[in-house]
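# Commentary on secondary and tertiary structure
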Amino acid sequence: MKSEEEEEKQRETRPEEEEEEEEEAATQRAPDDEEEEEDGGEPKKKGDRKCVPGIVYLGHIPPRFRPKHLRNLLSAYGEVGRIFLQPEDRHVRNRKKKSGTRRCDFTEGWVEFRDKRVAKRVALSLHNTPMATKKRQRFFSDLWNIKYLHRFQWTHLSERLAYEQMVLQQRLRTEVSQAKRETNFYLNNVEKSARLDQLRKKRQRDGQQGEDKTWDFTQRQTEEEIQKKKKKDPVTQKRLDKAHLLQLESQSNVSLLAKIFNSNQSE
């Protein structure tokens, strides 16, 4: 009886021990599987994440500063894509050519980084700092004036440049049309004067007196002429007479009152 009871206890404890061993094995396998999934999932996440480009704006471009200098300076912080520098206005270039300098400088610029996080970091770290790292290098005395453009794409810049180019062409067309109108007007007047000269010479040969056109000008009247005209005008003369009569009546009334009051005082 005792042996049977011991066998039953052993049978009951064996499945419990087997279950515990299986749980321990499962717990040991779980972190290994998670590590494998993480190791295998990291490259997938990196591949799935798109690298969004970012654009920074340069508000100050020093003289003799070229795109190659800008690329060399900024490529140390990250991969640089497209670069555009706005040249000076043509009026400024024309003044420089007249003074003897043919150098073309730039006023502002845009730089595209392959990653917008790099662009933000560059704009925050380089703003208001010297362009060069050493004093003997060029552009050390100039400071970076750089700003990250939030949600700005290169297509926006190309659209703006296309619009400015269209406005410039329209302005040039209007200027050319205005110049053409002025030249046509001048040529027409020259032709008219030539025809009139020919007619005048022909009339002189035929013995006819040409009718020379004279310009009639009316001079503004002086103050004396205006006063004389007013005196000659009957309406104004009547008004002057009435005013004179009223003045005389008022003087007579004053003299009469003075007589009355003086007589009262004497009495």
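To be clear, the structure that these remarks concern was listed above.
Before going into details, it helps to say that this report is about the structure given with it. Remember, it's a predicted structure, so these values are computed and weren't measured experimentally.

## A word on the packing of aromatic side chains
Using the criterion set out here, one finds three aromatic pairs in the structure. Between Phe 65 and Phe 139, the aromatic rings sit 4.9 Å apart at their centres with planes inclined by 85 degrees, giving edge-to-face as the arrangement. Taken as a pair, Phe 65 in the loop between strand 1 (54–58) and helix 2 (67–74) and Phe 139 in the loop between helix 4 (116–126) and strand 4 (146–149) lie far apart in primary sequence, 74 residues in all. Assigned by exposure class, Phe 65 and Phe 139 land together as buried.

## A short note on helix 4
For helix 4, every residue scored as buried is listed here: Val 118, Ala 119, Val 122, Ala 123 and Leu 126. Seen along its axis, helix 4 keeps its buried residues to an arc of 135 degrees; they face one direction. The outward face of helix 4, more than 90 degrees from its buried face, is lined by the exposed residues Arg 121 and Leu 124. Residues of helix 4 that are buried in the fold lie against strand 1, helix 2, strand 3 (106–113) and strand 4.

## Examining the side chain of Asp 105
Looking at the element boundaries, Asp 105 is found in the loop between helix 3 (90–99) and strand 3. At 3.3 Å, the side chain of Asp 105 and the backbone nitrogen of Arg 64 are in polar contact.

## Some points on the pairing of strand 1
The two faces of the sheet receive side chains in turn, since in a regular strand these alternate between them. Within strand 1, four of the five residues are buried, which leaves it mostly tucked inside the rest of the structure. For strand 1 and strand 4, the ladder comprises four bridges, and the chain directions are antiparallel. Within strand 4, the position partnered with Val 56 by the bridge is Tyr 148.

## With respect to unusual backbone geometry
The phi dihedral of Asn 128 falls on the positive side, at around 60 degrees, and the residue is not glycine. Structurally, Asn 128 can be placed in the loop between helix 4 and strand 4. Overall, Asn 128 belongs to the exposed group, its relative accessible area being 52%. The phi angle at Phe 139 is positive, at roughly 65 degrees, despite the residue not being glycine.

## Structural notes on the sheet that holds strand 2 (residues 80–87)
Taken together, the four strands give an open sheet; going across it, the order is 2-3-1-4, and neighbouring strands pair in antiparallel fashion. The open sheet is flanked by strand 2 and strand 4, the only strands paired with a single partner. Taken over all neighbouring pairs, the strand axes of this sheet differ in orientation by 20 degrees on average, direction set aside. Two elements, strand 2 and strand 3, share six bridges in a ladder whose sense is antiparallel. Counted as the bridge partner of Phe 84 is Trp 110 from strand 3. Each of strand 1, strand 3 and strand 4 is contacted by helix 4, which is oriented at about 150 degrees to strand 4, the strand it contacts most. Set on the sheet, helix 5 (residues 154–206) makes contact with strand 1, strand 2 and strand 3; between it and strand 2 the angle comes to about 25 degrees.

## Quick look at the pattern of salt bridges
Opposite charge on two side chains permits pairing when their charged atoms draw close. This model, assessed by the stated rule, comprises seven salt bridges. For Glu 79, the salt bridge is made with Arg 114, and the minimal N-O distance between the two is 3.8 Å. With Glu 79 in the loop between helix 2 and strand 2 and Arg 114 in the loop between strand 3 and helix 4, this residue pair connects regions lying 35 residues apart in the sequence. Relative accessible area serves as the criterion here: at 54%, Glu 79 is assigned to the exposed category. The closest approach of N and O atoms between Arg 82 and Glu 112, which form a salt bridge, is 2.8 Å.

Definitions and limits used
- Residues numbered from 1 in each chain as written.
- Predicted model: local features only at pLDDT ≥ 70, side-chain atom pairs only at ≥ 80, totals over all residues.
- Heavy atoms only, no water.
- Phe/Tyr/Trp six-rings, centres within 6.5 Å; stacked < 30°, edge-to-face > 60°.
- Helix = DSSP H or I, 4+ residues; strand = E, 2+ residues; numbered from the N terminus.
- Buried < 20%, exposed > 50% of the residue type's maximum accessible area, 1.4 Å probe, protein only.
- Arc of directions from axis to C-beta.
- Contact = heavy atoms within 4.5 Å.
- Polar contact = N/O pair within 3.5 Å; in protein donor to acceptor, adjacent residues only side chain to side chain.
- Pairing = 2+ DSSP bridges.
- Axes fitted to C-alpha atoms, helices over the stretch in contact; angles between N-to-C directions.
- Salt bridge = Lys/Arg side-chain N within 4 Å of Asp/Glu carboxyl O.

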